[in-house]
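# Tertiary structure, described
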Amino acid sequence: MRTRFAGWSAEEIATALEQLERWRDRVLDDARIAAGETVADVGAGTGLLALGAVERVGPDGDVLALDISVDALEELRRNTTVPNISYLIARADILPLPDESVDAVLTRSVLIYVDDKAEAAREFQRVLRPGGRASLYEPINSRNLLLSQAVDFSPLGDLGDRLRAWNEAFYARTDDPMLNFDESDLERLFAGAGLADVRVELGTDEHRIPGERYLNQVGAPGRPTLLERWRQEFAAEEVERLAAFVAERTIPARFPYAFVAARKP
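My aim in this report is to walk through the structure given alongside it, one point at a time. Along every chain, residues carry numbers that run from 1 in the direction the sequence is written. This being a predicted model, a pLDDT of at least 70 is required before a residue's local features are given, and a value of 80 or more before pairs of side-chain atoms are given or counted; all residues contribute to the totals for chains, interfaces and linings. Side-chain metrics rest on all non-hydrogen atoms present in the structure, leaving aside hydrogens and water.

Turning to the overall build of the protein, a few remarks are in order. When its secondary structure is counted, the protein shows ten helices and seven strands. In terms of C-alpha radius of gyration, the protein reaches 20 Å, essentially the compact-globule figure of 18 Å for 265 residues. Projecting the C-alpha coordinates of the protein onto the three principal axes gives extents of approximately 65 × 40 × 25 Å. Think of it in three bands: residues with accessible area under 20% of the maximum for their type are buried, residues over 50% are exposed, and the middle band is partly exposed, with areas taken using a 1.4 Å probe on protein chains only. Going through the 265 residues of the protein one by one, you find that 50% of them count as buried. Residue pairs in contact within the protein that sit at least 24 positions apart in sequence constitute 75% of those at least 6 positions apart. Surface accessibility follows the Shrake-Rupley procedure with a 1.4 Å probe radius. Residue values consider only the protein chains on display as shielding. Of the roughly 12,900 Å² of accessible surface on the protein, 48% is carried by carbon and sulfur atoms. Under the convention used here, Asp and Glu are negative, Lys and Arg are positive, and both His and the chain ends fall outside the count. Throughout, a charge is located at the NZ atom of Lys, the CZ atom of Arg, the CG atom of Asp or the CD atom of Glu. Side chains of the protein carry 32 positive and 46 negative charges; the gap between the two charge centres is 1 Å. Strands here mean DSSP runs of E at least two residues long; helices mean DSSP runs of H or I at least four residues long; both are numbered from the N terminus. As defined in this context, the radius of gyration uses C-alpha atoms, and a globule is described by 2.2 Å times the residue total to the power 0.38. Throughout, a contact is declared for two residues whenever any of their heavy atoms are within 4.5 Å.

Looking now at the packing of helix α9 (residues 226–233) against helix α10 (residues 236–247). Axis angles are defined between N-to-C directions and span 0 to 180 degrees, where every axis is a line fitted to C-alpha atoms and, for a helix, only to the segment in contact. Between α9 and α10, the least distance of the axes is 10 Å, while the angle of their chain directions is 150 degrees. Classed by the angle they form, the pair α9 and α10 counts as roughly antiparallel. Taken as a pair, α9 and α10 cross one another with a handedness that is right-handed. Of the residues in α10, those touching α9 at L227, W230 and R231 are V239, L242, A243 and V246. Charged means Asp, Glu, Lys or Arg here, nonpolar means Ala, Val, Leu, Ile, Met, Phe, Trp, Tyr, Cys or Pro, and polar covers whatever is left, Gly included. Tallied by class, residues from the contact of α9 with α10 come to six nonpolar, no polar and one charged. Oblique is the label for any angle not covered by the other classes, which are roughly parallel (under 35 degrees), roughly antiparallel (over 145) and roughly perpendicular (65 to 115). Left-handed describes a crossing in which the near helix is turned anticlockwise from the far one by less than a right angle; the clockwise case is right-handed.

The strand order across the open sheet built from seven strands is β3-β2-β1-β4-β5-β7-β6, with neighbouring strands paired in mixed fashion. The open sheet is flanked by β3 (85–89) and β6 (196–210), the only strands paired with a single partner. Strand after strand, the sheet turns through a mean of 15 degrees between neighbouring axes, direction not considered. Summarising the sheet, strand β2 (residues 62–67) and β3 pair through five bridges and their orientation is parallel. Looking across to β3, one finds that D67 is bridged to I89. Sitting on the sheet, helix α3 (residues 70–78) touches β2 and β3, and the angle it makes with β3 is about 170 degrees. Whether two strands pair comes down to DSSP finding at least two bridges between them.

A few words now on the environment of E75. Mapped onto the elements of the fold, E75 is located in helix α3. C-alpha of E75 to C-alpha of G45: the two residues are 30 residues apart in sequence and 8.6 Å apart in space.

This part takes up the side chain of D41. Along the chain, D41 turns up in strand β1 (residues 38–42). Any carboxyl oxygen of Asp or Glu within 4 Å of a side-chain nitrogen of Lys or Arg constitutes a salt bridge here. The side chain of D41 is buried and forms no salt bridge, while R108, the nearest opposite charge, is found at 7.7 Å. Two N or O atoms count as a polar contact when they lie within 3.5 Å, although within protein this holds only if one can serve as hydrogen donor and the other as acceptor, and sequence-adjacent residues are included solely when both atoms are side-chain atoms. Looking at D41, its side chain comes within polar contact range of the main-chain nitrogen of A50, at 3.0 Å. Ignoring sequence-local partners within four residues, the contact set of D41 consists of L49, A50, L64, A65, L66 and L106.

Fair warning: the whole summary comes from geometry, so function is off the table for now.
Structure (structure tokens):
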């Protein structure tokens with residue numbers, strides 16, 4: 001099974017995990033979780049936020065781990081013995097929770113998979129109690145540094161021109177939930193859902209990635225690699241030329257992200 005860490009060194013993996021811990025702690029801090037509260041981790045996956053929330057609510061609180069993946073929830077359940085986590089199969093835009101039933105809603109890299117982000121924001125608002133908080137982290141992929149901006153493809157002539165055009169058109173797609181929004185959209189959607197004091201803070205994750213890894217890395221579960229995308233768009237000989245051109249380089253990469261926090265009046 002391919003993972004996002006395939007081909008990474010042990011040092012690189014350790015650095016990435018430390019960064020995930022910092023992001024987790026920031027989301028938890030912005031939620032201002034208190035002992036005894038009920039917290040919903042929407043898109044819990046294998047529990048990065050949920051397990052952190054359990055420590056903060058203490059034995060008298062509850063954490064609801066919601067995800068569309070049964071496998072992810074099963075893995076989370078296998079990896080913890082705490083009694084106050086509940087496991088629910090759910091989508092972010094259809095939460096199986098009563099109105100005003102939780103004190104905080106958390107997410108990390110979840111809305112990028114949701115087509116109707118406005119409905120997800122409304123669902124967060126619906127299930128929060130008055131005074132409840134929403135706190136999330138989302139990649140802002142629409143602001144990524146494009147490969148065609150990071151690398152000069154002009155030595156490839158017409159093929160380089162077509163690669164640049166393809167790269168720009170790919171990022172301009174309005175039907176891809178991972179690409180069709182930015183931080184201003186998140187602020188607008190949460191305010192429009194009736195949440196107050198919406199705060200958005202941008203950050204940027206910068207790397208220099210070996211070309212071979214750039215071609216084959218898995219950016220998100222279920223998404224094709226760059227090389228796989230090229231094979232769908234270009235002739236086999238052209239893919240070979242493009243791959244060889246990129247593989248011999250180190251690629252500068254810039255991945256913006258946003259922390260968003262809000263409260264229910």
